[in-house]
Amino acid sequence: MTCRVRFAPSPTGPLHMGGVRTALFNYLFTRKNKGSMILRIEDTDQKRYVPGAEEYIMEALAWCGIEIDEGVREGGEYGPYRQSERKDMYRQYADQLIESGWAYFAFDTAEELDASRQMAQDEGGKFSYDAATRKGLRNSLTLPELEVKALIEAGEPYVIRFKFPENEEIVMNDLIRGEVRVQTSTLDDKVLFKSDGMPTYHLANVVDDHLMKISHVIRGEEWLPSMPLHVMLYRAFGWTNTQPEFAHLPLILKPSGNGKLSKRDGDKLGFPVFPIDWKNPENDDTASGYRESGYLPQAFINMLALLGWNPGTEQEIFSMDELIELFSLERVGKSGSRFDPEKSKNLNHQYIQMQDNVALGEMLVGGNRDMGTWGRGDFGGSLDMEKVVKVLGLVKERMNFLTDFWDQAYFFFVAPEEYDAKMLKKGWKEGTADRLTKMLELIHGSDFSAGILENVIKGWMTDNEIGMGAVMNPLRMTLVGAPKGPGVFDIMEVLGEEETIKRIQRAISTLG
Ligand code: GLU
């Protein structure tokens, strides 16, 4: 059997990082097995449709390097890949189940169902539309056939429900959890087809997985309770032979370990929960993403892969190709995995260090920069690439995020306009201006490489018995304005003679 997996998000808002992890595990699994990756947009619930969400999903997956073989944009043999465009296909399947006795029409109004719920609650229970209660409700199992026909012809609203067999044990297999057993008496007769003429998630999902020849359904644990219904639907349709295998991925937990990391946790806990920035085009709803927070997609993917999967070794850094080679569902755990923001920051730090400075420079200021405004200044395109690359060599080790660049390096591009008060008080004394003036004479016309500058300046200080602090601190102050940055001689080299001298002279003339 050829491996065919699908990622099947509903476009109800931005894709949560848990959703990206699901897409990633599908992708790793199918690439490893030389199979296909399908992206199916499950948009049958029109009330929850959010414009822009579908584009967001595609952009986020592309940023992550998760390639789609068949989908809305890519096309493919089994399209359309958007469920709203497959709408007319589903009804016949619901009818098929009615005919074979696996489903029935239910005419209960919202008020009637509310009353049943209230009654159950008053008795200390919880209402469920199931094998026990359906006998007393308004459906095609209890109403005479002629009346059912008449109601339908009269345009009475109805839904189509699945008819679970009474008192049967469903035995299923999950590739991560092993055998799962469920009693049908605990399940309710889920709606398959709604009164608005649309299928529900369950019907559309199973029909499409079948028609698209999906071999493995890999999805989040929140869908585990749907597995019995889905397995029974395959049985009811007579598709058991080609039923896909199921694998339900463990939850991603909050850093505290308490509860699932949810969409609502976004930004509240101090880190993004979405891959890229989100802005709802219809209202003010926004949320920040990993991309705009300065993550490299490789680091983001690496971090996600380790949420639930483990390589069984100490290795922590994995390229996408390595992940594909090493991934297996057997090494995906059953229990939830705690998200550790510190660890993901460290991973990103390591990925930045691993990048070649030219490539990193491209990401920061190159033409394809798609990361918006960074830190203090948007320097898109206007910075000299050669200089950026040099600066990166000096500040990269202090960067956890791409967005740290400006904070670590702005003084290479803009001269200080004021000086740190503490530095000024401690470092600018009588004689400082004279000393710096002498030093300027010394380095004027000198080769401006860090090594030579260091030799010349340090030699002069030793010869004249000038203490390190008496020159180095004020010098840093004139060049940077603050007690920060890499080595002073390195800074001088990058600034070059003209700019270095200008900055020192400015300090001398304003501070005296
Ligand atoms: N549309 C469902 C979702 O939003 C798909 C679940 C599944 O993979 O079966 O997650």
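The sections below set out a description of the structure shown in this document. For clarity, every value in this text was computed on a predicted model and none was experimentally measured.

Here's the deal with the layout of surface pockets
Phase 1: Each pocket or cavity is described by its volume, and for the largest pocket that value is around 1,100 Å³.
Phase 2: Taken together, 39 residues form the lining of the largest pocket, with Pro 9, Ser 10, Thr 12, Glu 222 and Trp 223 sitting closest to its centre.
Phase 3: Elements that contribute at least two residues to the lining of the largest pocket include exactly β1 (4–7), α1 (17–32), α6 (201–211) and β8 (216–220).
Phase 4: Among the elements that make up the lining of the largest pocket, the one with the highest residue count is α1 (five residues).
Phase 5: Taken together, the residues that form the lining of the largest pocket break down as 14 nonpolar, 14 polar and 11 charged.

A look at the environment of Glu 147
Phase 1: Along the chain, Glu 147 turns up in helix α5 (residues 145–153).
Phase 2: Note: C-alpha distance between Glu 147 and Leu 479 (332 residues apart in sequence) is 90 Å.

What to know about the pattern of salt bridges
Two side chains bearing opposite charge may form a pair once their charged atoms approach each other closely.
Phase 1: Taken as a whole and assessed by the stated rule, the structure comprises 29 salt bridges.
Phase 2: With a closest N to O distance of 3.0 Å, Asp 69 and Arg 31 form a salt bridge. Taken together, the positions of Asp 69 in the loop between α2 (53–64) and α3 (87–99) and Arg 31 in helix α1 put the pair 38 residues apart, joining distant regions of the chain.
Phase 3: In this structure, the salt-bridge partner of Arg 86 is Asp 208, at a minimum N-O distance of 2.8 Å. Note that Arg 86 is positioned in the loop between α2 and α3 and Asp 208 in helix α6, a separation of 122 residues in sequence.
Phase 4: Of the residues examined, Arg 86 reaches a relative accessible area of 3% and is grouped as buried.

Here's the deal with the site of the ligand
Phase 1: Every residue lining the ligand is accounted for by Arg 6, Ala 8, Ser 10, Glu 42, Tyr 201, Asn 205, Arg 219 and Trp 223.
Phase 2: Between Arg 6 and the ligand, the recorded distance is 2.7 Å, taken from a side-chain N or O atom to an oxygen atom.
Phase 3: With respect to the ligand, the side chain of Tyr 201 contributes an N or O atom lying 2.7 Å from an oxygen atom.
Phase 4: Here the ligand loses 84% of its free accessible area of 300 Å² to cover by the protein chains.
Phase 5: Among the cavities detected, the one that contains the ligand is the largest pocket.
Phase 6: Looking at the shell around the ligand, its residues break down into three nonpolar, two polar and three charged.

A look at the side chain of Asp 404
Phase 1: Within the secondary structure, Asp 404 is located in helix α13 (residues 404–413).
Phase 2: It is Lys 345 that comes nearest to the buried, bridge-free Asp 404 among opposite-charge side chains, at 7.9 Å.
Phase 3: Residues within four places of Asp 404 in sequence aside, it is in contact with Arg 398 and Met 399.

Details of the nonpolar core
Phase 1: With 112 residues, the main nonpolar core has Met 17, Ile 66, Phe 405, Phe 412, Met 439 and Met 492 as its most contacted residues.
Phase 2: Sort the elements by how many residues they give to this core and helix α18 (residues 488–511) lands first, with 10 residues.
Phase 3: In contact with Phe 412, not counting residues within four places along its chain, are Lys 387, Val 391, Leu 394, Val 395, Pro 486, Ile 491, Val 494, Leu 495 and Arg 503.
Phase 4: Among the nonpolar cores identified, the runner-up in size contains 41 residues, and Ala 103, Phe 105, Val 148 and Tyr 234 belong to it.

Observations regarding the packing of α3 against α6
Phase 1: Across the interface, α3 lies against α6 with an axial gap of 10 Å and an inter-helix angle of 100 degrees. The angle between α3 and α6 falls in the class roughly perpendicular. Facing Met 89, Tyr 90, Tyr 93 and Ala 94 of α3, the residues of α6 in contact are Leu 203, Ala 204, Val 207, Asp 208 and Leu 211.
Phase 2: Class assignment of the residues belonging to the contact of α3 with α6 gives a composition of eight nonpolar, no polar and one charged.

What to know about the packing of aromatic side chains
Phase 1: A full pass over the atoms with the stated rule returns 24 aromatic pairs.
Phase 2: Pairing Phe 105 with Tyr 158 gives two aromatic rings, centres 5.1 Å apart and planes at 85 degrees, and the pair type is edge-to-face. Here the residue Phe 105 occupies a position in strand β3 (residues 103–106), and Tyr 158 occupies one in the loop between α5 and β4 (159–162), the gap between them amounting to 53 residues.
Phase 3: The buried category is assigned to Phe 105, whose relative accessible area is 12%.
Phase 4: Overall, Tyr 158 belongs to the buried group, its relative accessible area being 17%.
Phase 5: Members of the aromatic cluster, connected to one another through ring pairs, are Trp 63, Tyr 290, Tyr 295, Phe 300 and Phe 401.
Phase 6: Cation over ring: Arg 21 sits above Phe 25, and NZ or CZ is 5.4 Å from the ring centre.
Phase 7: When the ring centre of Tyr 129 is taken as origin, the NZ or CZ atom of Arg 161, which lies over that ring, is 3.8 Å away.

Procedures and definitions
For every chain, the first residue of its written sequence is number 1, and the numbers climb from 1 along that sequence. In keeping with the predicted nature of the model, local features appear solely for residues at pLDDT of at least 70, side-chain atom pairs appear and are counted solely at 80 or more, and the whole-chain, interface and lining totals rest on all residues. No hydrogens and no water enter the side-chain calculation; it runs on all heavy atoms of the structure. Here the term cavity refers to a set of points on a 1 Å grid, laid over the protein atoms alone, in which a 1.4 Å probe fits but cannot get out; the term pocket refers to an open set having protein on both sides within 12 Å along at least five of seven lines, with lining residues being those that place an atom within 4 Å of a point. Grid points are joined across faces, edges and corners, and a volume is the space filled by probe spheres set on the points. The way it works is that DSSP assigns letters per residue, a run of H or I at least four long becomes a helix, a run of E at least two long becomes a strand, and they are numbered from the N terminus. Basically, the charged four are Asp, Glu, Lys and Arg, the nonpolar ten are Ala, Val, Leu, Ile, Met, Phe, Trp, Tyr, Cys and Pro, and anything else, Gly included, counts as polar. Just to be clear on terms, a salt bridge is a Lys or Arg side-chain nitrogen sitting within 4 Å of an Asp or Glu carboxyl oxygen. Each residue is assigned to one of three classes by its accessible area relative to the maximum for its type, calculated with a 1.4 Å probe on protein chains only: buried under 20%, partly exposed between the two thresholds, exposed over 50%. The cutoff for a nearby residue is simple: one of its non-hydrogen atoms must lie within 4 Å of the molecule or strand. We define a polar contact as two N or O atoms separated by no more than 3.5 Å, with the added condition that, inside protein, one atom must be a possible hydrogen donor and the other a possible acceptor, whereas residues neighbouring each other in sequence contribute only through side-chain atom pairs. Per-residue and other accessible areas follow the Shrake-Rupley method at a 1.4 Å probe size, with only the shown protein chains counted as cover for residues. Molecules are considered to sit inside a cavity or pocket once more than half of their atoms lie within 2 Å of its grid points. Counted charges follow a simple rule, with Lys and Arg positive, Asp and Glu negative, and His plus the chain ends left uncounted. Residues are treated as being in contact if the distance between any of their heavy atoms lies within 4.5 Å. To qualify as a nonpolar core, a set must consist of buried Ala, Val, Leu, Ile, Met, Phe, Trp, Tyr and Cys residues joined through side-chain atoms within 4.5 Å. Whenever a helix is involved, its axis is fitted only over the stretch in contact; in every case the axis is a line through C-alpha atoms, and angles between N-to-C directions fall within 0 to 180 degrees. We call two directions roughly parallel when the angle between them is under 35 degrees, roughly antiparallel when it is over 145, roughly perpendicular when it lies between 65 and 115, and oblique otherwise. Any pair of Phe, Tyr and Trp rings, taking the six-membered ring for Trp, is counted once the centres come within 6.5 Å. Such a pair is stacked with planes under 30 degrees apart, edge-to-face with planes over 60 apart, and tilted for the rest. Criterion for a charge above a ring: Lys NZ or Arg CZ within 6 Å of the ring centre, and within 35 degrees of the ring normal.

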